[in-house]
Structure formats: C-alpha cells, structure tokens
Amino acid sequence: MAKVSPDDFKAEDFYSFKVKVMWRYFWSEHPAFWCICGYLFIEYFKPQAIYPAIDVLPWAQVFLILSMVFAFFDKKSKFYFNSSAAWLVAFAVQIHISIFFAYSRWWSDHYYISFIQWFVIFFNNINYIN
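Residues numbered from 1 in each chain as written. Predicted model: local features only at pLDDT ≥ 70, side-chain atom pairs only at ≥ 80, totals over all residues. Heavy atoms only, no water.

## Some words on the nonpolar core
Counting residues in each nonpolar core, the largest one holds nine residues, listed as Ala85, Leu88, Ala92, Ile95, Ile99, Phe115, Phe119, Phe123 and Ile126. Among the elements that line this core, the one with the most residues is helix α6 (residues 83-100), at five residues. Excluding residues that lie within four positions of it along the chain, Phe115 makes contacts with Leu88, Phe91, Ala92 and Ile95. Of all hydrophobic cores here, the second largest spans five residues; its members include Tyr39, Ile42, Ala60 and Ile121. (Core = buried A, V, L, I, M, F, W, Y, C linked by side-chain atoms within 4.5 Å. Buried < 20%, exposed > 50% of the residue type's maximum accessible area, 1.4 Å probe, protein only. Helix = DSSP H or I, 4+ residues; strand = E, 2+ residues; numbered from the N terminus. Contact = heavy atoms within 4.5 Å.)

Take a look at the structure:
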C-alpha cells in the first residue's frame, strides 16, 4: 500500500461519511492526533467503566501525556493562540487569584486539577488537531 498523506483527502469524502476513507485519513495523521482521539474516546465513552478488566491504568491521563510527548516530534504541530485561548488564559488568571483569596484554601487546591486538566486539553485540541 502506498504512503498516504493527509493532504490526499478531500472534504467531500468526509461529508458523505465514507468510513474507509476516514479510517485511512486517521492512520495518515501523526501519533499526537491518534492520542488526542484516544483521549476523547476514553473520556466520553468511558469503556473502562463498562469493562472493569481494562481499568488498570488512568487511560485518559495516559493518552493526554502521550499526545504532548508525540507533539514534540510532529513537524506540523504549531502553537496556536486565538481569542478563545486568550479568554481561557484570562479565566485561568482569575482562578489563580480566587484560589489565593479563597475562604477554604484546601477545597480550592483540591479541585484545582479539574480546571487545569481542561486547560491542558483545550490547548492540546487546538494545537494538534488540524
């Protein structure tokens, strides 16, 4: 089978939901893209909750970390910063300030990871998915 590039595909192939073409496109992408797709699948379908036998690792975090590692080797991966990213950074600054002045500092620190995880996920998605 010849090497397939992501540039070899047309948008019309995806509009008509041609599964074979979509599958070939998926495998023509970089592993950082595969890991982001794996993360989204694990996060939203949660197969580890349905099949406890595969619940041996924190799969979502593993895919998220792998996507960041593979992104360093991806030549197409660039850091994009748009207006929604600017608003998210402003929101992150506001959260940090509110943690500093929080009534219950323990509670703020305890749930801080919930926000930071989505912060990382947002930047992974806008940078690795073209």
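## Considering helix α3 (residues 31-45)
Side chains three or four residues apart in an α-helix point the same way, a direct result of the helix having 3.6 residues per turn. For α3, spanning 15 residues, the distance from its first C-alpha to its last is 21 Å, which sits close to the expected 21 Å at 1.5 Å a residue. Those residues of α3 that fall on the buried side of the exposure criterion are Ala32, Phe33, Cys35, Ile36, Gly38, Tyr39, Ile42 and Glu43. On its buried side, α3 packs onto α2 (19-28), α4 (47-50), α5 (59-71) and α8 (112-128). Looking at the residues trailing α3, positive phi occurs at Lys46, about 50°. (Expected span 1.5 Å × (residues − 1).)

## Remarks on unusual backbone geometry
In this model, Lys46 sits at a positive phi of 50°, which is unusual for a non-glycine residue. In this structure, Lys46 sits in the loop between α3 and α4. Among the residues examined, Lys46 registers a relative accessible area of 38% and is labelled partly exposed.

## Regarding α5
Its 13 residues place the ends of α5 18 Å apart at the C-alpha level, agreeing with the 18 Å of an ideal helix rising 1.5 Å per residue. Listed in full, the buried residues belonging to α5 are Ala60, Leu64, Ser67 and Ala71. Buried residues of α5, seen end-on, are gathered within an arc of 60° and therefore sit on one face of the element. Where α5 is buried, its residues contact α3 and α8. (Arc of directions from axis to C-beta.)

## A closer look at the side chain of Ser67
You can see Ser67 is positioned in helix α5. Within polar-contact distance, the side chain of Ser67 engages the side chain of Asn124 at 3.4 Å. Sequence-distant contacts of Ser67, defined by excluding residues within four places in its chain, comprise Ala32, Cys35, Ile36, Asn124 and Tyr128. (Polar contact = N/O pair within 3.5 Å; in protein donor to acceptor, adjacent residues only side chain to side chain.)

## Concerning a nonpolar patch on the surface
On the surface, Phe41, Tyr44, Phe45 and Trp118 cluster together into a nonpolar patch covering about 500 Å² of accessible area. Broken down by element, the residue count for the nonpolar patch peaks at three residues, all from α3. Here Phe41 is to be found in helix α3. (Patch = residues over 30% accessible without salt bridge, like charges linked within 9 Å, V, L, I, M, F, W, Y side chains within 5 Å. Areas by Shrake-Rupley, 256 points an atom, 1.4 Å probe, with all protein chains shown as cover. Salt bridge = Lys/Arg side-chain N within 4 Å of Asp/Glu carboxyl O.)

## Concerning the side chain of Ser28
Positionally, Ser28 belongs in helix α2. Ser28 gets classed as buried once you look at its relative accessible area, which sits at 13%. For Ser28, the side chain forms a polar contact with the main-chain oxygen of Tyr25, separated by 2.7 Å.

## Brief notes about the packing of aromatic side chains
Taken as a whole, this structure holds 14 aromatic pairs when the rule is applied. Between the aromatic rings of Trp23 and Trp27, the centroid separation amounts to 5.7 Å while the plane-to-plane angle is 80°, which identifies the pairing as edge-to-face. Taken together, the residues Trp23 and Trp27, both in helix α2 and four residues apart, mark about one turn of the helix. Assessed through its relative accessible area of 53%, Trp23 is described here as exposed. Seen from their ring centres, Phe91 and Phe115 are 5.5 Å apart, and the 80° between their planes marks the pair as edge-to-face. Note that Phe91 is positioned in helix α6 and Phe115 in helix α8, a separation of 24 residues in sequence. Given a relative accessible area of 41%, Phe91 falls into the partly exposed group. Phe115 sits in the buried class, given a relative accessible area of 15%. Aromatic ring contacts, followed pair by pair, group Trp23, Phe26, Trp27, Phe33 and Trp34 into a single cluster. (Phe/Tyr/Trp six-rings, centres within 6.5 Å; stacked < 30°, edge-to-face > 60°.)

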